[in-house]
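Summary of structural features
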Amino acid sequence: MKHILTAIVCITFFVSCGKSKEEKVPVKAKKTTVIKTKKAPKKEMVVVDADGIVNVNMITSDRMKFNLRKITVKAGQKIKLTLTHTGKLDKRVMGHNVVFLKQGVKTSAFASKAAAAKENDYIPEGTSAVIAYTKMLGGGETTTIAFTAPAAGTYDYICSFPAHYAMMKGKLIVE
């Protein structure tokens, strides 16, 4: 009985999967026209001006990322860095800064000390590990700093807000 019932179900299934007897009517395709427009030129994030100053436009947001992972300059060159936080969250919740560390400074060790320095924008008081840093920003804020590139080498930069350094980091390459 079980086998007969299974056979009936299978036959019904195969018969119902046949071709439809409806006649298909071709559908007219609409013509589409693609209009090519010129894109606005992409704003350069690192530009050397006529005075030899390196102007760096760094952008961050509530997504915990810097738009730049590498900045290349020459030793002794003046750097003017503008940090813009395009997010919406307050700096107490999603604050961001940029801290340029001296060579040989371990980012995780510095970040641990920085996490305890809330009252000082997460920069440890009296530290000798920092070349330059911006103030802590919240969503919609911008700040600018100026400093001179150190000796040739590779330097780390991070956001020192607690736990951000793991994702928000980059390299300052000084040639």
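Here is a short report on the structure shown in this document. (Residues numbered from 1 in each chain as written. Predicted model: local features only at pLDDT ≥ 70, side-chain atom pairs only at ≥ 80, totals over all residues. Heavy atoms only, no water.)

A few words on the pairing of strand 7 (residues 142–148). Judged by which residues are buried, strand 7 turns out to be one-sided: T143, I145 and F147 face inward and are buried, whereas T142, T144, A146 and T148, on the alternate face, are not. Here strand 4 (residues 78–85) runs beside strand 7; their pairing, made up of seven bridges, is antiparallel. Residue pairing in the sheet places L81 in a bridge with I145 of strand 7. (Buried < 20%, exposed > 50% of the residue type's maximum accessible area, 1.4 Å probe, protein only. Helix = DSSP H or I, 4+ residues; strand = E, 2+ residues; numbered from the N terminus. Pairing = 2+ DSSP bridges.)

The five strands lie next to each other as 3-9-8-5-6, forming an open sheet whose pairing is mixed. Lying at the two open borders of the sheet, with one neighbouring strand each, are strand 3 (70–73) and strand 6 (130–133). Strand-to-strand twist of the sheet, defined as the mean angle between neighbouring strand axes without regard to direction, takes the value 20°. Bridge count between strand 3 and strand 9 (residues 169–174): four bridges; the pairing is parallel. Counterpart to I71 in the pairing with strand 9 is L172. (Axes fitted to C-alpha atoms, helices over the stretch in contact; angles between N-to-C directions.)

Attention now moves to the pattern of salt bridges. Any two side chains of opposite charge can pair if their charged atoms end up close together. According to the stated counting rule, one finds two salt bridges in the structure shown. Residue D90 pairs with R92 through a salt bridge whose shortest N-O separation is 2.8 Å. K171 serves as the salt-bridge partner of D156, at 2.5 Å between the closest nitrogen and oxygen. On the criterion of sequence distance, the pair formed by D156 in strand 8 (residues 153–158) and K171 in strand 9 is long-range, its members being 15 residues apart. Overall, the relative accessible area of 22% leaves D156 in the partly exposed class. (Salt bridge = Lys/Arg side-chain N within 4 Å of Asp/Glu carboxyl O.)

Right, let's get into the side chain of S61. Relative to the elements of secondary structure, S61 occurs in the loop between strand 2 (54–60) and strand 3. Taking the relative accessible area as the measure of exposure, S61 reaches 18% and is therefore buried. With near-sequence residues (within four places) excluded, S61 lies in contact with H85, T86, G87 and H96. (Contact = heavy atoms within 4.5 Å.)

Within the largest apolar cluster, 29 residues are counted, with the highest numbers of intra-cluster contacts made by M58, I71, Y157 and L172. Contributing elements (two or more residues each) for this core: strand 2, strand 3, strand 4, strand 7, strand 8 and strand 9. (Core = buried A, V, L, I, M, F, W, Y, C linked by side-chain atoms within 4.5 Å.)

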